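# Secondary and tertiary structure notes
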Amino acid sequence: MSTPVIADPVANPAAEPAVVTGAPTAAQRVTSFMPVIALVALLAALTIADPDFLTQRSLTAAVRTSAPLVVLAAGATLVVLCGGIDLSIAALCSLSTVFFAMWLPDLGGLTILAVVAAAGAIGAVQGIAHVVLRIPSFVVTLGGMSIFSAIALVISDAGPIRVIDRDATAWLNLYVAGYVPMSFFVAVLVVAVVSLVIKLTPLESFVRATGYSESAARLAGTPVDAVKVAAFTVSGACAGLAAVMLASRNFSGSPTMADNLLLPAVAAIVVGGTAITGGHGSLWRSLTGALVVTLLRVGLPIVGVPSAWEQILYGAIIVAAVALTLDRSKVLIIK
Amino acid sequence: MSAVTTHPQESPATVNALEVRGLVKHYPGVKALDGVDLVVKQNEVLGLAGENGAGKSTLLKALVGLVRPDAGEIWVRGEKVRLRSVVDAADHGIGMVFQEQSLVPNLTAAENIVLGSEGAGVRRGVYRWDTMRRLAQEQLDKIGSHIDPLARTDSLSFAERQMVEIAKVLRIEERTSHPPVIILDEPTSVLESAEIETLFTQVRRLREFASVVFVSHRLDEVLDVCDRVSVLRGGQSVGEVPTAGAEPADLHRMMIGSTGSDDHYHDGLAERSDEPARPRLVVKNLSGRTFRDVDLEVHAGEIVGIVGVHGSGREDVCRALFGAEPTLAGEVTLDGEKLDLSGTRGAVASGVGYVPAERKIEGMVGPMSVADNMMLTKQKARCTGPMVVPKKQATLVDTWIERLSIRTPHRGTQIGRLSGGNQQKVVLARWLVAGDIRLLLLDHPTRGLDIGARSEVYRLMRELANSGVATVLLADSLEEAIGMSDRIIVMNDGRATKEVSCPSGGKPTPLDLVKEMV
């Protein structure tokens, strides 16, 4: 097209500025590493308070404790990235520990797969209810939380079920390279694999577009509903895997075993710097967040903080961590 | 405008109710107001006319304190004022009836009328219903309305709610001893003709004790109800005319200005060829929630504009063709194949593209990069198997950045940091990267863009049409629809009522279309 009629777009460069604002500032770059900085600072503070803390033994214990929380938080992070929330993870995890203890005598080594698959399917049902019935994810999973707790109580006769066959999960208590507990290694592996799959495929732009602006994602023809259902499925499956870790460590399944992990998991996600409004964040961030949360829970009693103060400090540190880690340039609305 | 040079204090009888001098307001990339002057005299109805983007809304917002001008002055009854909020404006006796109604639907008319300025209607934090009812009734009496103050707002008709709004705005009389200035922004756009007559009666009644600024797209209405009309174009005042003896065509000429010989719409680029035997898009008896029995045909390489007033249903037809708005009946075929409109995925897979009117909310994902936004829809073009191949993406995105002259520092830059025109080009490119586009649905593609960016979008539309893409255009103004379209469909109350041929060299005038639209 070289007809003289065409207005040369370069002819009026002053008409509008090409870029309204510049590249990310140094402060913004630091902010994106803030969760890691917070983790290191916390580790340093605990070591100063009690020099014995920084030993291989207590660190190994800490990361082993963190494994179920890492998996729970990582799964729920996907739902949060899509702009939703999954409140059912802890209750589903408790229910899954009951499944595990009940199915182990019959299924043996296949129990792990069965529990993860069942929990994933339950997550998928919640996702389908959310997209088909158009009910907010907050409500669907709040209802799910209640239902799963009740089912767990009913099928377990409201008490713990002992795990007798310990061979099936004995491998989870091994160590990788001598020091890294297998359960933590598996947790990191899950984060790595899911992150990699998202990163290398169009899923990343689907998830982020859905989280930032669902209407724009829909009008661009992206499979918004399928992505959301997938996120809930992975979140459910992660709850199942976390249940396997918990049940194998406690040698029992219990209808309330993981119930106290819901708020730590949500805390791990936000401390990691994932925007609760969706779009911005990653599973790696939640891994870091889960480590921060675990260090607080494990470390504060070790350094001699009285248990009453522990909760105050815990709450204050989480709020402070979010204040530091939240990248406000990426989050348009703080709600 | 002799009023500017007189000293208002010396001759109170001729003091202007409201006066605007040299008002300027810039937004990034756009001069919304570029030196606007306006005079509203005591007890007159002043019409305000101008195309979309002429600066009417910004001017009105500045008058009620919602927008702070960068430069210029606002004078109220000979006194220079600075308006920081709606309350500020109300204290100076200026109130506005908003285009989108601002009443709370689940409250009574009385509650809505006193809301925010309850005064004696509340004692110790508790509503005193008899006082509230009396306060509301006083307001309704001013306009002679018989609406029950205790009726729930959502049980009232649109026209009745508008009366409640006017009654509510008239409460500003209590804040000032002077006659108020009432602004009516597009008050007739959703009214039936009988209701419009009632509204006009009200406006004439208002003139007895107030000044009125009346904004409407319908020029015959403006001429009917106003004493004078002030015309805006491109953020500037282009003149004012007394309505006595004026014709809609005169106003239109002022609103458009001389189009001149520069080919703004790149008409010279339009290629005429013999129409292929079979049209690309065939819509038969399409019905939805807001439109009925719409028939439409678009040939390959053709641009078809759909025009209609607010509420004509044209936006919903456009969305329905993309599967983003439910259809109740009818059949849509693309190149002879039935189009699946149950969701947007089917349309996308068939080579239909849609550029939404709300670019920042629906068109793009602001925090994501130019590349991610451009590749969001046609993922296959940047993938090998299930994997995104960064090299493939880089080559493709850079090619389109160059072809559409998108000004961005890098393909990885956040799209939200680009100017409106460049953002829109990225959104358009999204449909072009795979080279499979057959039908492009453009919903106000130039909204909010400045003239240079508009021109580039027009040129792109021409090039796409010449390459065989069928285009449906919902233009931002009648002039744009006429300038760009080969044919224009007029929609009225959800039905396609008229088809106007619009060939190069034989274009209809905006007035020809306005006649069909109302």
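Here the structure is a predicted model, which is why all the values come from computation and not from measurement.

What counts and how
- Residues numbered from 1 in each chain as written.
- Chains lettered and ligands numbered in written order.
- Predicted model: local features only at pLDDT ≥ 70, side-chain atom pairs only at ≥ 80, totals over all residues.
- Heavy atoms only, no water.
- Helix = DSSP H or I, 4+ residues; strand = E, 2+ residues; numbered from the N terminus.
- Buried < 20%, exposed > 50% of the residue type's maximum accessible area, 1.4 Å probe, protein only.
- Contact = heavy atoms within 4.5 Å.
- Areas by Shrake-Rupley, 256 points an atom, 1.4 Å probe, with all protein chains shown as cover.
- Pairing = 2+ DSSP bridges.
- Axes fitted to C-alpha atoms, helices over the stretch in contact; angles between N-to-C directions.
- pLDDT = per-residue confidence, 0-100.
- UniProt positions renumbered as here; feature names shortened; annotations may be inferred.
- Parallel < 35°, antiparallel > 145°, perpendicular 65-115°, else oblique.
- Left-handed = near helix turned anticlockwise from the far one by under 90°.
- Domains from an automatic or database assignment.
- Salt bridge = Lys/Arg side-chain N within 4 Å of Asp/Glu carboxyl O.
- Lys, Arg positive; Asp, Glu negative; His and termini not counted.
- Polar contact = N/O pair within 3.5 Å; in protein donor to acceptor, adjacent residues only side chain to side chain.
- Phe/Tyr/Trp six-rings, centres within 6.5 Å; stacked < 30°, edge-to-face > 60°.
- Lys NZ or Arg CZ within 6 Å of the ring centre and 35° of its normal.

Broken down by element type, chain A carries 13 helices and 4 strands. Counting every position in chain A, which comprises 335 residues, the buried fraction comes to 50%. Considering only contacts within chain A whose residues lie at least 6 apart along the sequence, 76% involve residues at least 24 apart. Entry remark: accessible area of chain A is about 14800 Å², with carbon and sulfur atoms responsible for 71%.

This part takes up the sheet that holds strand β10 (residues 211-215) of chain B. Residues and elements named next belong to chain B. One open sheet holds the 6 strands; their spatial order is β6-β9-β10-β3-β11-β12, and the pairing between them is mixed. The sheet is open, and its two borders are formed by β6 (94-97) and β12 (236-242), each paired with just one other strand. Across the sheet, the mean angle from the axis of one strand to that of its neighbour is 20 degrees, orientation sign disregarded. In the sheet, strand β3 (residues 45-49) pairs with β10 via 4 bridges, with the strands oriented parallel. Its bridge partner being in β10, Val45 is matched across the sheet by Val212. Helix α1 (residues 56-63) rests against β3, β6, β9 (181-185), β10 and β11 (228-233) of the sheet, and its axis sits at about 140 degrees to β3.

What follows is about the confidence of the model for chain A. With 88% of its residues at a pLDDT of 70 or more, chain A shows a mean pLDDT of 86. For the stretch residues 1-22 of chain A, pLDDT sits under 50, and the model shows 46 contacts to residues farther than four places along the chain or on other chains.

Right, let's get into the UniProt feature "transmembrane region" (unreviewed entry) in chain A. This chain's UniProt record puts "transmembrane region" (unreviewed entry) on residues 30-49, 69-95, 107-129, 135-155, 176-198, 229-248, 260-278 and 298-326 of chain A. Secondary structure across residues 176-198 of chain A divides into 74% helix and 13% strand, with the first and last C-alpha atoms of the span separated by 26 Å.

The next point concerns α1 of chain B. Residues and elements named next belong to chain B. Taking burial as the measure, the 8 residues of α1 include 6 buried ones, the bulk of the element. By the burial criterion, the buried members of α1 are Lys56, Thr58, Leu59, Leu60, Ala62 and Leu63. Gly65 sits one or two residues past α1 and shows a positive phi near 80 degrees.

Take the sheet that holds strand β22 (residues 470-474) of chain B next. Picture the strands of a sheet paired through backbone hydrogen bonds; they go either parallel or antiparallel. Residue and element names in this part refer to chain B. Strand order in the open sheet formed by 6 strands is β18-β21-β22-β15-β23-β24, with mixed pairing between adjacent strands. Bordering the open sheet on either side are β18 (352-355) and β24 (495-501), each of which pairs with just one other strand. Each strand axis lies, on average, 20 degrees off the axis of its neighbour in the sheet, ignoring direction. As paired strands, strand β23 (residues 487-492) and β24 are joined by 6 bridges and run antiparallel to one another. The residue of β24 that forms the bridge with Met491 is Ala496. Against the sheet, helix α14 (residues 420-432) touches β18 and β21 (439-443), its axis set at about 165 degrees to β18.

Take the packing of helix α4 (residues 89-107) of chain A against helix α6 (residues 137-155) of chain A next. All names here are of chain A. One can describe the packing of α4 onto α6 by two numbers: an axis separation of 8 Å at closest approach and a directional angle of 25 degrees. Between α4 and α6, the interaxial angle falls into the category roughly parallel. In the crossing of α4 with α6, the sense of the turn from one axis to the other is left-handed. For the pair α4 and α6, the contacting residues are Ala91, Leu92, Leu95, Val98, Phe99 and Met102 in the first and Met145, Phe148, Ser149, Ile151, Ala152 and Ile155 in the second.

The accessible area lost on association of the parts is a frequent measure of interface size. Each domain of chain B was delimited in the assignment, giving domain 1 (2-24 + 37-254), domain 2 (279-351 + 437-518) and domain 3 (364-436). Placing the centre of domain 1 of chain B and that of domain 3 of chain B at their C-alpha centroids yields a distance of 45 Å.

All names here are of chain B. All chains considered together, the criterion is met by 34 salt bridges over all chains. Lys142 is the salt-bridge partner of Glu173, the closest N and O atoms lying 2.7 Å from each other. With Glu173 in the loop between α5 (158-169) and β9 and Lys142 in helix α4 (residues 129-142), this residue pair connects regions lying 31 residues apart in the sequence. For Glu173, a relative accessible area of 25% translates into the label partly exposed. One connected set of salt bridges, linked through shared partners, spans Glu358, Arg447, Arg454, Asp476 and Glu480.

Residue and element names in this part refer to chain A. Tracing the sequence through the fold places Asp86 in the loop between α3 (56-81) and α4. For the buried Asp86, which has no salt bridge, the nearest side chain bearing the opposite charge is Lys228, at an N-O separation of 13 Å. A polar atom in the side chain of Asp86 sits 2.7 Å from the side chain of Ser88. The residues touching Asp86, leaving out its near neighbours within four places in the chain, are Val79, Gln126, Thr141, Phe232, Ser235 and Leu262.

Moving on, we come to the environment of Gly323 of chain B. Residue and element names in this part refer to chain B. Position of Gly323 relative to the elements: it lies in the loop between α9 (314-321) and β16 (327-334). Relative accessible area serves as the criterion here: at 11%, Gly323 is assigned to the buried category. Spatially, the C-alpha atoms of Gly323 and Ser342 are 5.7 Å apart, while their sequence positions differ by 19 residues. Ignoring sequence-local partners within four residues, the contact set of Gly323 consists of Leu341, Ser342, Gly343 and Thr344.

The next subject is the packing of aromatic side chains. Here the distance between the centres and the angle between the planes together describe a pair of aromatic rings. All names here are of chain B. Tallying each qualifying case throughout the model produces 4 aromatic pairs over all chains. When the centroid spacing of 5.7 Å and the interplanar angle of 90 degrees are considered together, the rings of Phe322 and Trp431 count as edge-to-face. Of this pair, Phe322 sits in the loop between α9 and β16 while Trp431 sits in helix α14, placing them 109 residues apart in sequence. This pair shows no difference in class: Phe322 is buried, exactly as Trp431 is. A connected cluster of aromatic rings, assembled from ring pairs, spans Phe322, Tyr354 and Trp431. Positioned above the aromatic ring of Trp75, the side-chain terminus of Arg21 is 4.1 Å from the ring centre. Seen from the ring of Trp400, Arg403 lies directly overhead, with NZ or CZ sitting 4.2 Å from the centre.

Our focus in this paragraph is the side chain of Thr108 of chain B. Here Thr108 of chain B shows up in the loop between β6 and α3 (109-114). When neighbours within four sequence positions are excluded, Thr108 of chain B is seen to be in contact with Trp129, Pro149, Leu150, Ala151, Arg152 and Thr153 of chain B.

Let's shift gears to the environment of Leu142 of chain A. Residue and element names in this part refer to chain A. Counting through the fold element by element, Leu142 comes out in helix α6. For Leu142, a relative accessible area of 38% corresponds to the partly exposed category. Along the chain, Leu142 and Leu287 lie 145 residues apart, while their C-alpha atoms are 24 Å from each other.

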